[in-house]
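Close look at the chain arrangement
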Amino acid sequence: MAKILVIDSSVRFNSSTSRELTGILADRIKGDANEVIHRDLTRGIHFISEQSLNSVEKLLEERTVEENELAALSDSLIEELELADYLIIGAPMYNFGPPASLKAWADLVARVKRTFEYTDNGPVGLLRNKKAFVVVVTGGTGVNSNIDFMTPWLRHFLAFIGITNVEIISADGVYGNDGEEKIKFAKEKIGSLII
Ligand SMILES: Cc1cc2nc3c(=O)[nH]c(=O)nc-3n(C[C@H](O)[C@H](O)[C@H](O)COP(=O)(O)O)c2cc1C
């Protein structure tokens, strides 16, 4: 049984294109047998702080109760990432980059000796054998255009932690005249994926 981790970050719930597409994709991969774990980054995510960074650097047995609480979210996010075979990230573009919650997630899961390490040859990602799908939705900005600071960043970040098998599914320009077409293409792409 494969584990599918779905990460949503749109602040919209009722009319979110990225949530709709990550849902369709998760159903597609899930089939009859696989397990879906859902992480909604608009609920319960905090930004890192000096205290939370100090806490995660300590071994479990060395942490105080308060430090354990501060490290708990980062610990859980890393654990669910380590356990996942498939990762589906809903990435609506906000101001040419990712939503703040998605950046906060990256800050929380990038941990030395867990998800990456420094070697004589530079940083090496420690996550292995995962396939990631990134669902990019924008109002008008072209994916991979010179003002898209989200897609290249996400690709780079995922590679940094060891996830290099990444497929981008995009509906860019949903507010344009052909917005509905773009969404239709994204759904067709999901339907035709070889999983
Ligand atoms: C705060 C905010 C900032 C946005 N910034 C951009 C942007 O820089 N470029 C763009 O093309 N669309 C931008 N949009 C439009 C969203 O990308 C668009 O609404 C998309 O559908 C969001 O995904 P969702 O439907 O899953 O919420 C922005 C929307 C919001 C709410």
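Heads up: these notes are all about the structure in this document. For clarity, every value in this text was computed on a predicted model and none was experimentally measured.

How each quantity is defined
- Residues numbered from 1 in each chain as written.
- Predicted model: local features only at pLDDT ≥ 70, side-chain atom pairs only at ≥ 80, totals over all residues.
- Heavy atoms only, no water.
- Helix = DSSP H or I, 4+ residues; strand = E, 2+ residues; numbered from the N terminus.
- Rg over C-alpha atoms; globule rule 2.2 N^0.38 Å.
- Contact = heavy atoms within 4.5 Å.
- Areas by Shrake-Rupley, 256 points an atom, 1.4 Å probe, with all protein chains shown as cover.
- Lys, Arg positive; Asp, Glu negative; His and termini not counted.
- Charge placed at Lys NZ, Arg CZ, Asp CG, Glu CD.
- Axes fitted to C-alpha atoms, helices over the stretch in contact; angles between N-to-C directions.
- Parallel < 35°, antiparallel > 145°, perpendicular 65-115°, else oblique.
- Left-handed = near helix turned anticlockwise from the far one by under 90°.
- Nonpolar A, V, L, I, M, F, W, Y, C, P; charged D, E, K, R; others polar.
- Salt bridge = Lys/Arg side-chain N within 4 Å of Asp/Glu carboxyl O.
- Buried < 20%, exposed > 50% of the residue type's maximum accessible area, 1.4 Å probe, protein only.
- Pairing = 2+ DSSP bridges.
- Right-handed = clockwise from strand over helix to strand, strands pointing away.

**What about the overall build of the protein?**
Scanning the protein from terminus to terminus reveals 6 helices and 7 strands. A globule of 195 residues ought to have a C-alpha radius of gyration of about 16 Å, and the protein, at 17 Å, matches this closely. Considering only intrachain contacts with a sequence separation of at least 6, the fraction spanning at least 24 residues in the protein is 76%. Of the roughly 10,300 Å² of accessible surface on the protein, a fraction of 51% belongs to carbon and sulfur atoms. Of the side-chain charges in the protein, 21 are positive and 28 negative, and the distance between the mean point of each set is 4 Å.

**Looking at the packing of helix H4 (residues 100-109) against helix H5 (residues 151-160)**
The contact between H4 and H5 brings their axes to 12 Å, and the two run at 15°. When the axis of H4 is compared with that of H5, the two are roughly parallel. Once H4 is placed against H5, the crossing between them reads as left-handed. Two secondary-structure elements touch here, H4 through Leu102, Lys103, Trp105, Ala106 and Val109 and H5 through Trp153, Leu154 and Phe157. Residues that form the contact of H4 with H5 fall into these classes: 7 nonpolar, no polar and 1 charged.

**Describing the pattern of salt bridges**
Evaluated as defined, the whole model comprises 15 salt bridges. Among the ionic pairs, Lys184 bridges to Glu181, the shortest N-O distance being 3.9 Å. Of the two residues, Lys184 and Glu181 are both situated in helix H6 (residues 179-192); the distance of 3 residues between them amounts to about one turn of the helix. The class of Lys184 is partly exposed, set by a relative accessible area of 42%.

**Comments concerning H4**
Most of H4 is tucked away, with 7 of its 10 residues classed as buried. Buried within H4 are the following residues: Ser101, Leu102, Ala104, Trp105, Ala106, Leu108 and Val109.

**Remarks on the pairing of strand S7 (residues 165-172)**
Inspection of the sheet shows strand S6 (residues 131-138) paired to S7 by 8 bridges, in the parallel sense. Counted as the bridge partner of Val136 is Ser170 from S7. In this region the chain leaves S6, passes through H5 and returns to the parallel neighbour S7; the handedness of that crossover is right-handed.

**Topic: the environment of Leu193**
Inspection of the secondary structure puts Leu193 in the segment after H6. Along the chain, Leu193 and Glu180 lie 13 residues apart, while their C-alpha atoms are 20 Å from each other. Setting aside its immediate chain neighbours within four residues, Leu193 contacts Leu25, Arg28, Phe133, Glu167 and Ile169.

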